[in-house]
Each structure stands twice: as structure tokens, then as C-alpha cells.
Amino acid sequence: MVVRADERGEMDYDDLARMVERHRDRPAVVVATCGTTMTEAADDVPQIRELLARTPVRHHLHVDGALAGVPIALADGRATLRLDATVDSISISGYKFLGTPVPCGVVLTRRTLQQRLARSANYTGTVDTTISGSRSGHPALLLWYAIRSLGHDGLRERAERARELAAYAVQRLNEVGWPAWRHEHAFTVVFPTPPRP
Ligand SMILES: *Cc1c(COP(=O)(O)O)cnc(C)c1O
């Protein structure tokens, strides 16, 4: 089921509450987004968590942080950024903000939930906790390298520079009379399609 969003792409929390209530006989898997694909909107994760905690409904809160989970998590102290440690799982893409040269991503979840996926693989003599089984280890190395070589400070600085560049683009577009905007935390600039020349 798709929860409504406002015109800037952020989840409508009242609509989520209504939906959970309407289907209270069933557990809920709620997907919040930190950085939507079109406007880089970020849902208020603690607010969603509180909303779910007030209902008797069993739930799992997943955060789709594919686009901006990393920069949002690193930008602590900003009023509009609220991504905290109470989520049940989060996914990020490696080839977007982190810039790995091949598509890859990571899903992080609590160990107790991961262990439920575990099955023993007879032919390797170990426990398999992956979803897909065999896969290349190369992307893991590329991700590790991106994170290790830039470090926390380097990644934070990269995010900050991207935001400054986006703010500059908004300013220049507005100066020529084109209605561009961005979310405060975002490096995505949104503007109407220019007319054909
Ligand atoms: C890119 C993107 C995805 C898909 O991620 P992949 O790593 O390409 O599978 C999912 N959600 C959002 C918000 C994205 O921006």
C-alpha cells in the first residue's frame, strides 16, 4: 500500500496512521525513505517510530536510504534530519553517494532478525545468512575502500560540498526567474522542465 506524500515528497504521517489503523488485524512493514528519488525528501523516522509504538500492531520499520541515507546519517545536528538507531533495517546503495564504480548496496538489520534468515549450507559446512546466496565479493571491497579512503570526515565534507553546490544552483536558477528549490539537507535540485527552445 502506498502512503500519501506531500507535494515535496515527504510522507503524510496522518495517512500512515489511518492506514495502520484500518488494517490493524495485520502486521505492518513500514518503509520510510531518507532521500526519495525525485526530490530527496526525508521522512521523519522517529515520528514514524512513535506513531507505530502507540498502536498495538506488530511492525517492522525499514528505511530506504539508497540515495541519501549516508549523508543524512552524517549530518547530525540539523533540525530537518532525523534518522536514528531505532529502525529495524536500512538499505543503502554503494554507487550513489559513495560512488562505487559498479552498482551495489547493503542491507543492515538487527542480528536477531538476521539470524532468522540463517540456514546451514551442507556443502560449505557454514551458516548462510545471505538472501541471494553466492555473489561477488568485489562490491564489498569497493564499498569498504570508498568508506575507508574518505572516512567519516571526508564523507561529511563531500556531503557538505554537494549541498553548497546545490544551494548555488538554486540561487542562480532563481536569479534568472526559474522556480528551483531543494530540501535543506539535499543535494538534489528540483525545478520545472524548461520549455523547448
Ligand atoms: C536508487 C534508489 C533505489 C534503488 O537502489 P539500488 O541500489 O539501485 O537497488 C531505491 N530507493 C531509492 C530512494 C533510490 O534512490
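An unreviewed UniProt entry lists the protein under the name Pyridoxal-dependent decarboxylase, with Micromonospora halotolerans given as the organism. Of the protein, the UniProt comment under Sequence similarities (unreviewed entry) reads exactly: "Belongs to the group II decarboxylase family." Quoted verbatim from the Cofactor (unreviewed entry) heading of the UniProt record, the comment on the protein is "pyridoxal 5'-phosphate".

A. Molecular detail of a nonpolar patch on the surface. Taken together, the side chains of Leu 141, Trp 144 and Tyr 145 make up a nonpolar region of the molecular surface, amounting to roughly 380 Å² of accessible area. Residue placement: Leu 141 occurs in helix 5 (residues 138-175). Taking the relative accessible area as the measure of exposure, Leu 141 reaches 51% and is therefore exposed.

B. Broad picture of the packing of aromatic side chains. Under the definition given, this model contains one aromatic pair. For the pair Phe 97 and Phe 187, a centre-to-centre distance of 6.0 Å together with 20 degrees between the ring planes defines the contact as stacked. In this pair, Phe 97 sits in the loop between strand 3 (89-93) and strand 4 (105-109) while Phe 187 sits in the segment after helix 5, placing the two residues 90 residues apart along the sequence. The exposure class of Phe 97 is buried, given its relative accessible area of 10%. Sitting above the plane of the Phe 97 ring, Arg 158 keeps its charged end 5.9 Å from the centroid.

C. Structural view of the site of the ligand. Lining the immediate surroundings of the ligand are Gly 35, Thr 37, Asp 64, Ala 66, Leu 67, Ser 93, Tyr 95 and Lys 96. Contact distances for the ligand include 3.3 Å between an oxygen atom and a side-chain N or O atom of Thr 37. Between the ligand and the protein, one listed contact pairs an oxygen atom with a side-chain N or O atom of Lys 96 at 2.8 Å. Grouping the amino acids of the shell around the ligand by side-chain chemistry returns three nonpolar, three polar and two charged.

D. Representation of the pattern of salt bridges. Counted according to the given criterion, the structure contains nine salt bridges. For Asp 15, the salt bridge goes to Arg 18, with nearest N and O atoms at 3.6 Å. Highlighted residues: Asp 15 and Arg 18, both in helix 1 (residues 13-22), separated by three residues, approximately one helical turn. What makes Asp 15 buried here is its relative accessible area of 6%. Take Arg 18: its relative accessible area is 39%, and that puts it in the partly exposed class. A salt bridge links Glu 160 to Arg 163, with the shortest nitrogen-to-oxygen separation between them at 3.3 Å. Here Glu 160 and its partner Arg 163 are both found in helix 5, three residues apart, which amounts to about one turn of the helix. Overall, the relative accessible area of 30% leaves Glu 160 in the partly exposed class. The buried category is assigned to Arg 163, whose relative accessible area is 4%. The structure contains a network of salt bridges with shared partners spanning Arg 4, Asp 12, Asp 15 and Arg 18.

E. Inspection of the sheet that holds strand 4 at higher detail. Taken in spatial order, the four strands line up as 1-2-3-4 in an open sheet, and their pairing is mixed. Of all strands in the sheet, those with a lone pairing partner are strand 1 (28-33) and strand 4, marking the two edges. Neighbouring strand axes in the sheet, compared pairwise and without regard to direction, differ in orientation by 15 degrees on average. Alignment of strand 3 against strand 4, held across five bridges, turns out to be antiparallel. Of the residues in strand 4, the one forming a bridge with Ile 92 is Val 106. Where helix 2 (residues 45-53) meets the sheet, its contacts fall on strand 1 and strand 2 (59-64), and the angle it forms with strand 2 comes to roughly 170 degrees.

F. Highlighting the packing of helix 1 against helix 2. Where helix 1 meets helix 2, the closest approach of the two axes is 11 Å, and the angle between their N-to-C directions is 25 degrees. One element, helix 1, and the other, helix 2, form an angle in the roughly parallel class. The handedness of the crossing between helix 1 and helix 2 comes out as right-handed. Across from Tyr 13, Leu 16, Ala 17 and Val 20 in helix 1, the residues of helix 2 making contact are Gln 47, Ile 48, Leu 51 and Leu 52. Residues that form the contact of helix 1 with helix 2 fall into these classes: seven nonpolar, one polar and no charged.

Calculation rules
- Residues numbered from 1 in each chain as written.
- Predicted model: local features only at pLDDT ≥ 70, side-chain atom pairs only at ≥ 80, totals over all residues.
- Heavy atoms only, no water.
- UniProt positions renumbered as here; feature names shortened; annotations may be inferred.
- Patch = residues over 30% accessible without salt bridge, like charges linked within 9 Å, V, L, I, M, F, W, Y side chains within 5 Å.
- Areas by Shrake-Rupley, 256 points an atom, 1.4 Å probe, with all protein chains shown as cover.
- Salt bridge = Lys/Arg side-chain N within 4 Å of Asp/Glu carboxyl O.
- Helix = DSSP H or I, 4+ residues; strand = E, 2+ residues; numbered from the N terminus.
- Buried < 20%, exposed > 50% of the residue type's maximum accessible area, 1.4 Å probe, protein only.
- Phe/Tyr/Trp six-rings, centres within 6.5 Å; stacked < 30°, edge-to-face > 60°.
- Lys NZ or Arg CZ within 6 Å of the ring centre and 35° of its normal.
- Near = heavy atom within 4 Å.
- Polar contact = N/O pair within 3.5 Å; in protein donor to acceptor, adjacent residues only side chain to side chain.
- Nonpolar A, V, L, I, M, F, W, Y, C, P; charged D, E, K, R; others polar.
- Pairing = 2+ DSSP bridges.
- Axes fitted to C-alpha atoms, helices over the stretch in contact; angles between N-to-C directions.
- Contact = heavy atoms within 4.5 Å.
- Parallel < 35°, antiparallel > 145°, perpendicular 65-115°, else oblique.
- Left-handed = near helix turned anticlockwise from the far one by under 90°.

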